[in-house]
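# Working through the structure, step by step
Each chain, letter by letter, is given below.
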Amino acid sequence: MITQRSWLRASRSTYFVKTIDERDGNVEQRIPTRGPLDLAATLESGQSFRWERHQGGYTGVAAGHLFFVRSEDTELVVSSPSCTDPASWARAYFDIDTDYNELCTLLRGSDSKVAEAVDYCPGLRLLRQDAWETLVCFILSQNNNIPRIKQMVHRLCSRWGARRTEGAHCWWQFPSPESLASATEEEGKQLGLGYRALALVEAAGKVSSGMLDLDSLSEMSTDEAREILMQQRGIGRKVADCVLLFGVGKLDAFPIDVWIKRGLEHQYFAGEGQNLNVLREFAQDHFEHHRGYAQNYLFYFTRSSSRKK
DNA sequence: TGCCAGGCCTTCC
DNA sequence: GGAAGGCATGGC
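As a starting point, this report considers the structure included with it.

So, how was this worked out
Residues numbered from 1 in each chain as written. Chains lettered and ligands numbered in written order. Predicted model: local features only at pLDDT ≥ 70, side-chain atom pairs only at ≥ 80, totals over all residues. Heavy atoms only, no water. Helix = DSSP H or I, 4+ residues; strand = E, 2+ residues; numbered from the N terminus. Rg over C-alpha atoms; globule rule 2.2 N^0.38 Å. Buried < 20%, exposed > 50% of the residue type's maximum accessible area, 1.4 Å probe, protein only. Contact = heavy atoms within 4.5 Å. Areas by Shrake-Rupley, 256 points an atom, 1.4 Å probe, with all protein chains shown as cover. Core = buried A, V, L, I, M, F, W, Y, C linked by side-chain atoms within 4.5 Å. Phe/Tyr/Trp six-rings, centres within 6.5 Å; stacked < 30°, edge-to-face > 60°. Near = heavy atom within 4 Å. Polar contact = N/O pair within 3.5 Å; in protein donor to acceptor, adjacent residues only side chain to side chain. Nonpolar A, V, L, I, M, F, W, Y, C, P; charged D, E, K, R; others polar. 1 Å grid on protein atoms, 1.4 Å probe; cavity = no way out; pocket = protein on both sides within 12 Å on 5 of 7 lines; lining within 4 Å. Points joined across faces, edges and corners; volume = space filled by probe spheres on them. Salt bridge = Lys/Arg side-chain N within 4 Å of Asp/Glu carboxyl O. Axes fitted to C-alpha atoms, helices over the stretch in contact; angles between N-to-C directions. Parallel < 35°, antiparallel > 145°, perpendicular 65-115°, else oblique. Left-handed = near helix turned anticlockwise from the far one by under 90°.

Our focus in this paragraph is the overall build of chain A. In terms of regular secondary structure, chain A is built from 15 helices and 8 strands. A globule of 309 residues ought to have a C-alpha radius of gyration of about 19 Å, and chain A, at 19 Å, matches this closely. A total of 309 residues make up chain A; the buried ones form 54% of that total. Long-range contacts, defined here as pairs at least 24 residues apart, represent 64% of the contacts in chain A between residues at least 6 apart. Carbon and sulfur atoms make up 48% of the accessible area of chain A, which totals about 13,900 Å².

Okay, here's the thing in structure tokens:
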């Protein structure tokens, strides 16, 4: 498998321009986005669950810090009351080192269906998130909808996350594995997490004890990493692939949820229902390169166009 | 009011 | 090995 990232990356000549945000006094940093960037699509599409609209942009918590982001023309503007170098965080988080002009061109060349999905929202980014946070969020995601997942994550953070205050701002950090490991299944259920509570507490215990080393997953093959994740309670093929794609940077992962299943069946199988294994094999062969990016665009296209109808 | 949701697990055949 | 049913509950 040829990795696409090496040649999608261009030189790291990104420059930052610092200004002062008059609204809250935080230093703003501006990053050239190198291709389209649609913040609404990216932050509300069910990759991450901790962002809210705020004064023409978004506010959210990541890596323990509170961030404000907005897009202006070809720049991403980012500030934070606590992080001293929000631009460095944003560049990684929003996949800025990938040239999305080039990526979109590559994907459009794969087939007309993918081209349609890319053209529907070329500014959709693949977020590069923390593996632990991604693991927790996607354990909660099973048989659930995005607004409710956001609620659950919010409750989880305010119950077991550390509270931080900086000036006029306060926020909850994402709970550490140690913090969640101290919780019980019953407490999770009382918080409205349902039957997912047990999987959550077990995963926290394994991560905090070192039995499950999330950092090591990036060093493994995607298949090896997936196998380890799927040994955990409450983590099946789909959740594992989401963790690998959004949290570990395995760009060949291709999570198949109900929307992707529907989309693939509609686009490639004349609407005829297919077994999940058939769809996995199809995706493996058909989307040989940049599979994870293709999945992201197809998910957004299928879900959004369906909701419009 | 009833179906659905970024599914997984167990049981049954 | 694959299909069916159960699981909690808010959104639509």
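Attention shifts here to the nonpolar core. Core analysis: the biggest nonpolar cluster contains 71 residues, and Trp132, Leu135, Leu156, Leu214, Leu229, Leu264 and Phe287 have the highest contact counts within it. Here this core gets 8 residues from one element, more than from any other, and that element is helix α6 (residues 131–140). Leaving out residues up to four positions away in the same chain, Leu229 has contacts with Leu135, Leu214, Leu217, Ile235, Ala240, Val243 and Leu244. In terms of nonpolar packing, the next biggest core, distinct from the first, is built from 19 residues, Phe67, Val78, Ala87 and Leu127 among them.

What describes a pair of aromatic rings is the distance from one ring centre to the other and the angle between the planes of the rings. Scanning the entire structure with this criterion turns up 17 aromatic pairs. Arranged with centres 6.5 Å apart and planes meeting at 55°, the rings of Trp51 and Phe94 form a pair that is tilted. Of this pair, Trp51 sits in strand β3 (residues 51–54) while Phe94 sits in the loop between α3 (86–93) and α4 (100–108), and the two are 43 residues apart along the sequence. Of the two residues examined, Trp51 and Phe94, each falls in the buried class.

Attention now moves to the protein's contact with DNA strand C. Around DNA strand C, the structure places Asn143, Asn145, Pro147, Arg148, Gln151, Gly194, Tyr195, Arg196, Asn275 and Asn277. Put simply, 59% of the atoms of DNA strand C that lie within 4 Å of the protein are in sugar or phosphate. The contact in question runs from a base nitrogen of DNA strand C to an N or O atom on the side chain of Asn145, over 2.8 Å. Side-chain polar atom of Arg148 to a sugar or linking oxygen of DNA strand C: 2.7 Å apart, as the coordinates give it. If one sorts the elements of the surface near DNA strand C by residue count, helix α7 (residues 146–160) sits on top with 3 residues.

What follows concerns the environment of Ala294. Looking at the element boundaries, Ala294 is found in helix α15 (residues 291–308). Measuring from C-alpha to C-alpha, the distance between Ala294 and Arg164 comes to 37 Å, with 130 residues separating the pair along the chain. Apart from residues no more than four positions distant in its own chain, Ala294 is found in contact with Leu107 and Phe287.

So, about the protein's contact with DNA strand B. Taken together, 29 residues surround DNA strand B, and among them Gly46, Asn144, Ile146, Arg262 and Gln295 come closest. The protein-proximal atoms of DNA strand B, defined as those within 4 Å of the protein, are 58% sugar or phosphate. One nitrogen or oxygen atom from the main chain of Gly236 is found 2.8 Å from a phosphate oxygen belonging to DNA strand B. Secondary-structure elements contributing two or more residues to the surface near DNA strand B are α12 (237–247), α13 (258–268) and α15. Partitioned by chemical class, the residues of the surface near DNA strand B number 11 nonpolar, 12 polar and 6 charged.

On to the layout of surface pockets, then. Computed from the structure, the largest pocket encloses a volume of approximately 970 Å³. The greatest single-element share of the lining of the largest pocket, amounting to 7 residues, is contributed by α15. Looking at the lining of the largest pocket residue by residue, the class counts come to 20 nonpolar, 13 polar and 11 charged.

This paragraph deals with unusual backbone geometry. In this structure, Ala63 is a non-glycine residue whose phi angle is positive, near 55°. Of note, Asn143 is a non-glycine position whose phi angle comes to about 50°, a positive value. On the secondary structure map, Asn143 appears in the loop between α6 and α7. On the basis of relative accessibility, which here comes to 69%, the residue Asn143 falls in the exposed class.

Before going further, it helps to examine the pattern of salt bridges. Counted under the stated rule, the structure contains 17 salt bridges. With a shortest N-O distance of 3.4 Å, Glu187 and Arg159 are connected by a salt bridge. Of this pair, Glu187 sits in helix α9 (residues 185–190) while Arg159 sits in helix α7; the two residues are 28 residues apart in sequence, bridging distant segments of the chain. The class of Glu187 is partly exposed, set by a relative accessible area of 27%. Note that Arg164 and Glu166 form a salt bridge whose closest N and O atoms lie 3.7 Å from each other. When salt bridges with common partners are traced through the structure, they connect Glu28, Arg30, Arg70, Glu72 and Glu75 into a single cluster.

Right, let's talk about the packing of α6 against α12 for a bit. At a minimum axis separation of 9 Å, α6 and α12 run at an interaxial angle of 150°. Judged by the inter-axis angle, α6 sits roughly antiparallel to α12. The crossing of α6 and α12 is right-handed. Facing Ala131, Thr134, Leu135, Phe138 and Ile139 of α6, the residues of α12 in contact are Lys238, Val239, Cys242, Val243, Phe246 and Gly247. Residues of the contact of α6 with α12, tallied by class, amount to 8 nonpolar, 2 polar and 1 charged.

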